[in-house]
Amino acid sequence: MVTIPNILKHNDQSNTAFTQLNKGKLEKFTYFEIDRYSDNLAHKLTKIGIKPESRIAIKAKNSVQWVVSFFSILKLGCICVPIDIKMNDFATEKIIKLSGAELLISEKDAKFEVKELNIYDFFNSSINENHKKIDKSSEDCKDKIAIILYTSGTTGDPKGAMLSNKNILSNINEISKMLQEEGKLKSFSVLPMSHVYELTCNILVSLNLMNTVHFCSGLDIKTLSKELKLIRPNIFPVVPLLLEKIYNGISKKQIKSNILKNIIRFFPKLFGYIFRKSIGLNKLKFFFCGGAPLSFEIESFFDRIGLKVIQGYGLTEASPLVSVNPLKSKKIGSVGKVINNCDLKILDKDSSGNGVIHVKGPNIFQGYYNNIDATEESLIDNYLNTGDIGRKDDEGYLFISGRKKFVIIGPSGENIYPEEIEELLNNFIEIQESVIFSLDQKQISVLIKLNDEYRDISFDKIKKIINHINNKIERYKRISKIYLSDIEFEKTSTQKIKREFLKNINVSEYKSIM
């Protein structure tokens, strides 16, 4: 394979690639249909003036239509710019402008300053209508940019990580080797394809192995349970939040029932068998978990009841996978062993062996789009400085100890950069400085030092400032707790706030106003 669309070119394209519910009816789409539909859409894009190497954005929920749009973009030799469906219009427009996207494929007319195409329109025509094979891929395309994924920047502007066909395919090949002995598998999709974790590790790997992926139609417990029972998947990629919800639900039931508590205590595998069957996980081989840290306690619990959790570690700039636990020799608490085609080194180690993780390999991105300074900061001698702190044990298993830059991991695995929100806050004359943090990785809090001349402003005024900020940013970044400090924060010689105090912050020492 030299380009990503080549993964559709199996000898037998009659197998089911995707399933999804539409008005209560299960729709099935074969590899042939995905290939043909994406040809048709690519042809339609050429008719509206789209040229190779154009940047095209997609903003829509997970669906077969999303996949078809993605492949049509790549077949044309264009660049896909995925945008999170939850992203607000302000942030969406910024990404469209920064990427120079010429077209937005979306679910509704949002009236941005760019051509728009409804993602459902092209499915109204026959699969054979006006079919014209489109294939602009060649050996020369493997090093060309396939995707630009925007991550939030600490300056307030998001950074576009450029991933080539070669970058993504290197990850697809490594993960496929890990799974190929498992036979034909059904995978369950709930995570957004606008994130490279779901796109690479679930969707594209499944297509490469001729497996089947089901797009779940909702994230509420009722819908999840209904569709899990319908599909009975073998693999379920998740973020820790979902496992936490399952764990907390079981824990609450244990409090109310001593019988259940004793069954879990003395017969954990029996409980696991009953539980798996009750929610449609009786054929599950493992959860694949990434995107955020998973607690040792929760992973241990799932292991005891016979639900295997395979943790991995990665980041957008690595396409994303850097390390993963071997299926037959996982180690609880670890994010596994570094994948074969990656070289990982840990610099500036402390006495415990913890240091900054740097990674090199064919999966490492090409840099940030139109951002040379950020690229040079991240890539040093072809090694990506991940900014994460970690260590390896004697057997080569990697353990992540923390985030060097105090990135907050949101409830669904989103990266929340404190500096981005602080910059917006500090633009207000009333605010001297601010620090964003989270005590539980769910609620965002802010500690504010007011300018001296505004120290007596009303709490309502401060709340209005916060509400103004919250209306500009995505829901998962919104501030829900406000604390006031009477003293300035300790700073480095370069006047950067020392954030170490946040590790053991006692919020009761500060005045709370929301």
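Every value quoted in this text rests on a predicted model; they were computed, and no experiment measured them.

## Let's talk about the sheet that holds strand E24 (residues 444-450)
The strand order E23-E24-E25-E26 describes an open sheet built from 4 strands, whose pairing is mixed. Strand pairing shows two members of the sheet lacking a second neighbour, strand E23 (431-437) and strand E26 (511-512), which therefore form its edges. Sheet topology note: the strand E25 (residues 479-484)/E26 ladder contains 2 bridges and is antiparallel. When the bridges of E26 are listed, Tyr483 appears paired with Ser512. Running at roughly 155° to E23, helix H12 (residues 418-426) makes contact with E23, E24 and E25 of the sheet. Lying over the sheet, helix H13 (residues 459-470) contacts E23, E24, E25 and E26, oriented at roughly 140° with respect to E25.

## Considering the nonpolar core
Core analysis: the largest hydrophobic core is formed by 114 residues, its most contacted members being Phe70 and Phe302. Look past the residues within four positions of Phe302 in its chain and what remains in contact with it is Leu243, Ile246, Tyr247, Phe287, Leu307 and Val309. Membership of the second largest hydrophobic core comes to 21 residues, among which are Ile408, Ile416, Ile436 and Leu450.

## Some points on the pattern of salt bridges
As a working rule, side chains carrying opposite charge can pair if their charged atoms are close by. Within the structure shown, the criterion is met by 13 salt bridges. The shortest N-O distance in the salt bridge between Lys75 and Asp35 comes to 2.5 Å. One end of the pair, Lys75, is in helix H2 (residues 64-75); the other, Asp35, is in helix H1 (residues 31-47), and 40 residues separate them in sequence. Of the two residues examined, Lys75 and Asp35, each falls in the buried class. Close ionic contact of Asp39 with Lys75 constitutes a salt bridge, the shortest N to O distance being 2.9 Å.

## Focus: helix H9 (residues 268-279)
Compared with an ideal rise of 1.5 Å per residue, which puts 12 residues at 16 Å, H9 spans 17 Å between its outermost C-alpha atoms and is within 8% of the ideal. Taken residue by residue, H9 has Pro268, Phe271, Gly272, Phe275, Arg276 and Ile279 as its buried positions. Buried residues in H9, looked at end-on, bunch into an arc of 130°, giving them a common side. Set apart from the buried face of H9 by more than 90 degrees, the exposed residues are Lys269, Tyr273 and Ile274. Here the buried face of H9 lies against helix H6 (221-231), helix H7 (240-256), helix H8 (258-266) and helix H10 (296-304).

## Digging into unusual backbone geometry
For the bond from Ser319 to Pro320, the omega torsion is 5°, close enough to zero to count as cis. Located in the positive-phi region is Ser319, a residue other than glycine, with phi close to 75°. One non-glycine residue, Asp381, lies in the positive phi region at around 55°.

## Quick word on the pairing of strand E10 (residues 212-215)
Residues of E10 alternate between two faces, with Thr212 and His214 on one and Val213 and Phe215 on the opposite face, all of them buried. Two elements, strand E9 (residues 186-189) and E10, share 4 bridges in a ladder whose sense is parallel. Each bridged residue has a counterpart across the sheet, and for Ser187 the counterpart in E10 is Val213. Handedness of the crossover joining E9 and E10 through helix H5 (residues 196-208): right-handed.

## Overview of the side chain of Glu430
Mapped onto the fold, Glu430 is located in the loop between H12 and E23. Under the relative-accessibility criterion, Glu430 is labelled buried at 10%. The residues touching Glu430, leaving out its near neighbours within four places in the chain, are Leu450, Asn451, Tyr454, Ile457, Lys461 and Ile465.

## Quick word on the state of the cysteines
Inspection of the entire model under this criterion finds 0 disulfides. We note that Cys78 lacks a disulfide partner, and the nearest cysteine sulfur, in Cys80, lies 10 Å from it. Among the residues examined, Cys80 registers a relative accessible area of 0% and is labelled buried.

## A short note on a nonpolar patch on the surface
A contiguous nonpolar patch, built from Phe266, Phe267, Leu270, Tyr273 and Ile274 and spanning about 580 Å² of accessible area, is present on the exposed surface. With 3 residues, H9 is the single largest residue contributor to the nonpolar patch. Position of Tyr273 relative to the elements: it lies in helix H9. Given the relative accessible area of 53%, Tyr273 is considered exposed.

Reading the values: the criteria
Residues numbered from 1 in each chain as written. Predicted model: local features only at pLDDT ≥ 70, side-chain atom pairs only at ≥ 80, totals over all residues. Heavy atoms only, no water. Pairing = 2+ DSSP bridges. Helix = DSSP H or I, 4+ residues; strand = E, 2+ residues; numbered from the N terminus. Contact = heavy atoms within 4.5 Å. Axes fitted to C-alpha atoms, helices over the stretch in contact; angles between N-to-C directions. Core = buried A, V, L, I, M, F, W, Y, C linked by side-chain atoms within 4.5 Å. Buried < 20%, exposed > 50% of the residue type's maximum accessible area, 1.4 Å probe, protein only. Salt bridge = Lys/Arg side-chain N within 4 Å of Asp/Glu carboxyl O. Expected span 1.5 Å × (residues − 1). Arc of directions from axis to C-beta. Right-handed = clockwise from strand over helix to strand, strands pointing away. Disulfide = S-S within 2.5 Å. Patch = residues over 30% accessible without salt bridge, like charges linked within 9 Å, V, L, I, M, F, W, Y side chains within 5 Å. Areas by Shrake-Rupley, 256 points an atom, 1.4 Å probe, with all protein chains shown as cover.

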